[in-house]
Amino acid sequence: MTQTVSTPEHPVLRQADEDVAIHCQHVSKRFVETVEGSRRWSNWFRGERRMIKAVNDVSFTVRRGEIFGLLGPNGSGKSTLIRLLSTLLFPDSGTLTVFGKDVVHHQHEVRRWINRVSVEASFFKKLSAMENLRYAARLYGLPVKEGEKRAMQILRRLGIRENKAHTPLENLSRGMQQKVAIARALMTSPVLVLLDEPTTGLDPKSKRDVQAYIKEVMQTHDATMILTTHDMEEAESLCDRIAIIDQGRIIALDTPDGLKRLVGTDSMETVFFELTGKDWEEALADEDMDA
Ligand SMILES: Nc1ncnc2c1ncn2[C@@H]1O[C@H](COP(=O)(O)OP(=O)(O)OP(=O)(O)O)[C@@H](O)[C@H]1O
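As the structure is a computational prediction, the values presented were derived from the model and not from experiment.

About the criteria used
Numbering of residues starts from 1 in each chain and follows the order in which that chain's sequence is written. The predicted origin of the model limits local features to residues at a pLDDT of at least 70 and limits the giving and counting of side-chain atom pairs to 80 or more, whereas totals for whole chains, interfaces and linings rest on all residues. Where side-chain values are given, they derive from all heavy atoms of the structure, hydrogens and water being excluded. Two distance rules govern patches: like charges are joined within 9 Å, and nonpolar side chains (Val, Leu, Ile, Met, Phe, Trp, Tyr) within 5 Å, applied only to residues with over 30% relative accessible area and no salt bridge. Only the protein chains shown count as cover for residues, and all accessible areas are computed by the Shrake-Rupley method using a 1.4 Å probe. What counts as a salt bridge is simple: a side-chain nitrogen of Lys or Arg found within 4 Å of a carboxyl oxygen of Asp or Glu. Numbering goes from the N terminus for both helices and strands, where a helix is a DSSP run of H or I of at least four residues and a strand is a run of E of at least two. Burial status follows relative accessibility: with a 1.4 Å probe on protein chains alone, a residue under 20% of its type maximum counts as buried, one over 50% as exposed, and anything between as partly exposed. The predictor's confidence in any single residue is recorded as pLDDT, a number from 0 to 100. Any two residues having at least one pair of non-hydrogen atoms within 4.5 Å are treated as being in contact. Any two strands are treated as partners once DSSP identifies two or more bridges connecting them.

1. Here we look at a nonpolar patch on the surface
Now for step 1: Together, Phe124, Leu127, Tyr135 and Leu139 make up an exposed nonpolar region whose accessible area comes to about 370 Å².
Now for step 2: With respect to the helices and strands, Phe124 occurs in the loop between strand S8 (114–118) and helix H3 (129–139).
Now for step 3: Phe124 gets classed as partly exposed once you look at its relative accessible area, which sits at 39%.

2. Concerning helix H1 (residues 78–85)
An α-helical segment advances 3.6 residues per turn. Residues three or four places apart therefore align on the same side.
Now for step 1: For H1, a buried count of 6 out of 8 residues is recorded, marking the element as mostly surrounded by other parts of the structure.
Now for step 2: Within the span of H1, buried status applies to Lys78, Thr80, Leu81, Ile82, Leu84 and Leu85.
Now for step 3: Directly after H1, the chain includes Thr87, whose backbone phi takes a positive value near 65°.

3. Quick word on the confidence of the model for the protein
Now for step 1: This prediction gives the protein a mean pLDDT of 83; 86% of its residues lie at or above 70.
Now for step 2: Low pLDDT, under 50, characterises residues 287–291; the predicted model gives this stretch 5 contacts beyond four residues in sequence or across chains.

4. Here we look at the environment of Pro168
Now for step 1: Of note, Pro168 is situated in the loop between helix H5 (162–165) and helix H6 (174–184).
Now for step 2: On the basis of relative accessibility, which here comes to 28%, the residue Pro168 falls in the partly exposed class.
Now for step 3: Considered as a pair, Pro168 and Phe124 are 44 residues apart in the sequence and their alpha carbons are 8.7 Å apart.
Now for step 4: Apart from residues lying up to four places away in sequence, Pro168 is in contact with Lys125, Lys126, Leu127 and Ser128.

5. Observations regarding the sheet that holds strand S3 (residues 20–35)
Strand pairing within a sheet occurs via backbone hydrogen bonds; the two strands may be parallel or antiparallel.
Now for step 1: Pairing within the open sheet is antiparallel, and its 4 strands lie in the order S4-S3-S6-S7. Both edges of this open sheet fall to strand S4 (48–63) and strand S7 (101–102), since each of them pairs with a single strand only.
Now for step 2: Pairing between strand S6 (residues 93–98) and S7: 2 bridges, direction antiparallel. By the bridge assignment for S7, Thr97 is matched with Asp102.

6. Considerations on the pattern of salt bridges
Now for step 1: In the structure shown here, the tally under the stated rule is 15 salt bridges.
Now for step 2: Here Asp222 ties to Arg64 by a salt bridge, and the two come within 2.4 Å at their closest N and O atoms. Of the two residues, Asp222 is situated in the loop between helix H7 (204–220) and strand S10 (223–228) and Arg64 in the loop between S4 and strand S5 (67–71); the sequence distance between them amounts to 158 residues.
Now for step 3: Judged by relative accessible area, which is 29%, Asp222 ranks as partly exposed.
Now for step 4: For the salt bridge of Lys205 with Asp209, the shortest nitrogen-to-oxygen distance reads 2.8 Å. Separated by 4 residues within a single helix, Lys205 and Asp209 lie in helix H7, roughly one turn from each other.

Printed below as a string of structure tokens:
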């Protein structure tokens, strides 16, 4: 049950109950961008500036144990939202809590629960999976013995044999590296895993393996995942709910089936097109141009 309580941080904060992983209330984040090529003489030397509402009054709740998808065109605010959740940025307004802790006032605690996994994960590629996992355990403040034990369990679950466990990561397949990255996120509990395009660039088999592994992790761990992806099928098959985000705002949020019902289609691509006015190819083409 949620209840309204007073805390020193917030005059009135809905206390997160055990089932809530993320509580995001009216969160906004703006950036100031310099516009190049301004013709106004007063701006010749310092550049004209404009305000970008990267995240604009966004509210949502993610339940513990859920895979929550973020879908949106290029520049819609997904990364900014992820950076706010990872405490790399702070909101200008609104409140954001992770497992009941405010990201601004309890950033160290929140950081221990959060793990961002991306294709180019911040691994030491010259070090082995074992060494990387041990290092992560230390970062999470686990005692050495406990860290080793968890690293071993994780490697065994991944089916990485002893000799491979000591092979430099750069010599493992990308699919395997990605699985180790996800596994590394499971060092603490509860855990919030931010999966940033987890299967981009993987061959079809590795992609299926990683997706199956994500499902397995969800069944066996106290994990909650936020997933950004460019793969509609992936979003549909993995996510319990999907938020479609455009120009910093959540324009729709529901289960994949709920979104399809809303638009009256059986295709997620049509959902995306109807709600954002952009077809998926166009959204990707924009990204390619920026890349
Ligand atoms: N540090 C920054 N300074 C200025 N503008 C920024 C900054 N970070 C993001 N923006 C702007 O905020 C808006 C949202 O960007 P964001 O990176 O969150 O979008 P995105 O949905 O993650 O895009 P992509 O799919 O390309 O990763 C964009 O207009 C972007 O240019």
